[in-house]
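Coordinate analysis (summary)
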Amino acid sequence: MTPLVSVIVPVHNGASFIGAALASARAQSVNGLELIVVDDGSTDASADIAGEPEYGARLIRQENRGPAAARNRGVATAQGRYLAFLDADDLWPEGRLAWQLNCFAERPEVEMVQGVLQAIQAGSDGFAAVGEPHHAHSLSTALVLRSAFERVGPLDETLRYCEDVDWFFSASSCGLNIYRSDQLALLYRRHADNATNRHDLVRRYTLQVVARHRRRSAADKP
């Protein structure tokens, strides 16, 4: 049977987190779930954990090429009508896919449904909420029609950071119909190994992405 939703989980040395992430995806009350883990050259036990039968995930291995390449690899093998993305160190709240699919059912014109993310901080007693839930240019908060994702195009594999922001700029240029809900879609786990802790690189790539799309926008003007 063709799956309804393909969930793509890139991982690079995320053995401490990936089990909980996969469990949160597998716990979604949706039939027809395809779970794809792309191991992006991990040197720890990430692939072994992802391959455990309890998660029912399809495991793909590749040399380390970055999160954009890992996500694109997952999309290339996915079979579902809808695509969802989950980073190996994040979690989905209960019922997340159900309410997003319901939004699609109520709004046939919509091509992507996004919710808000809640940051949670690692501490001595586990994770606790930090700040308020908010919207972000993050594919991890989205459920998107596969056909719509393909219309926008793949993630830019030259970007090691801010590839989501770049993709959303392209989605806007394509006129993608996005519905943004205030319902919770993602628990973003903050910890010492977050890629976004490299503020210098995040800033550099953000400026690069913004400059690129400004040039494209100027070129498109008559």
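That block above? That's the structure.
Residues numbered from 1 in each chain as written. Predicted model: local features only at pLDDT ≥ 70, side-chain atom pairs only at ≥ 80, totals over all residues. Heavy atoms only, no water.

**Details of the environment of serine 173**
Structurally, serine 173 can be placed in helix α6 (residues 163-173). Look at serine 173 and you get exposed, because its relative accessible area is 65%. Remark: the alpha-carbon pair of serine 173 and valine 152, spanning 21 residues in sequence, is separated by 8.6 Å. (Helix = DSSP H or I, 4+ residues; strand = E, 2+ residues; numbered from the N terminus. Buried < 20%, exposed > 50% of the residue type's maximum accessible area, 1.4 Å probe, protein only.)

**A word on the environment of aspartate 182**
Of note, aspartate 182 is situated in strand β8 (residues 178-190). For the pair aspartate 182 and valine 116, spaced 66 residues apart in the sequence, the C-alpha separation amounts to 5.8 Å. In contact with aspartate 182, other than residues within four places in its own chain, are Val116 and His135. (Contact = heavy atoms within 4.5 Å.)

**Things to note about the packing of aromatic side chains**
All told, the structure shown has 4 aromatic pairs when counted by the stated rule. A centroid spacing of 4.8 Å and a plane angle of 55 degrees characterise the contact between tyrosine 82 and phenylalanine 104, whose relative ring orientation is tilted. Residue tyrosine 82 is found in strand β4 (residues 82-85), and its partner phenylalanine 104 is found in helix α4 (residues 96-106); the two are separated by 22 residues along the sequence. Residue tyrosine 82 is classed as buried on the basis of its relative accessible area, which comes to 6%. Arginine 107 extends its terminal NZ or CZ atom over the ring of tyrosine 179, reaching a point 3.9 Å from the ring centre. (Phe/Tyr/Trp six-rings, centres within 6.5 Å; stacked < 30°, edge-to-face > 60°. Lys NZ or Arg CZ within 6 Å of the ring centre and 35° of its normal.)

**Structural notes on the nonpolar core**
Residues Val5, Val7 and Trp167 are the most contacted members of the largest nonpolar core, which totals 54 residues. Beyond its immediate sequence surroundings of up to four residues, tryptophan 167 is in contact with Met112, Leu139, Phe149, Val152, Gly153, Pro154, Leu155 and Leu176. (Core = buried A, V, L, I, M, F, W, Y, C linked by side-chain atoms within 4.5 Å.)

**Section: the pattern of salt bridges**
Throughout the structure, instances matching the rule amount to 8 salt bridges. Here arginine 58 and glutamate 34 are joined by a salt bridge, their closest N and O atoms 2.2 Å apart. Placement of arginine 58 in strand β3 (residues 58-62) and of glutamate 34 in strand β2 (residues 33-40) is noted, with a sequence separation of 24 residues between them. Its relative accessible area of 34% is what places arginine 58 among the partly exposed residues. (Salt bridge = Lys/Arg side-chain N within 4 Å of Asp/Glu carboxyl O.)

**Brief notes about α6**
Side chains of residues three or four places apart in an α-helix project in the same direction, reflecting 3.6 residues per turn. Of all the positions in α6, only Glu163, Asp164, Asp166, Trp167, Phe168, Ser170 and Ala171 are classed as buried. Glycine 175 occupies a position one or two residues after α6 and carries a positive phi of about 75 degrees.

**Re unusual backbone geometry**
Even without glycine at this site, asparagine 13 takes up a positive phi of about 55 degrees. With respect to the helices, strands and loops of the structure, asparagine 13 is situated in the loop between β1 (5-11) and α1 (18-26). A positive phi angle is found at cysteine 162, which is not glycine, with a value near 65 degrees. By the secondary structure assignment, cysteine 162 is in the loop between α5 (146-152) and α6.

**Some points on a negative patch on the surface**
Judged by side-chain charge, Asp44, Asp48, Glu52 and Glu54 come together as a negatively charged surface patch. Mapped onto the secondary structure, glutamate 54 falls in the loop between α2 (46-50) and β3. For glutamate 54, a relative accessible area of 57% corresponds to the exposed category. (Patch = residues over 30% accessible without salt bridge, like charges linked within 9 Å, V, L, I, M, F, W, Y side chains within 5 Å. Areas by Shrake-Rupley, 256 points an atom, 1.4 Å probe, with all protein chains shown as cover. Lys, Arg positive; Asp, Glu negative; His and termini not counted. Charge placed at Lys NZ, Arg CZ, Asp CG, Glu CD.)

Interpretation note: all reported values are geometric properties and have no functional meaning in isolation.
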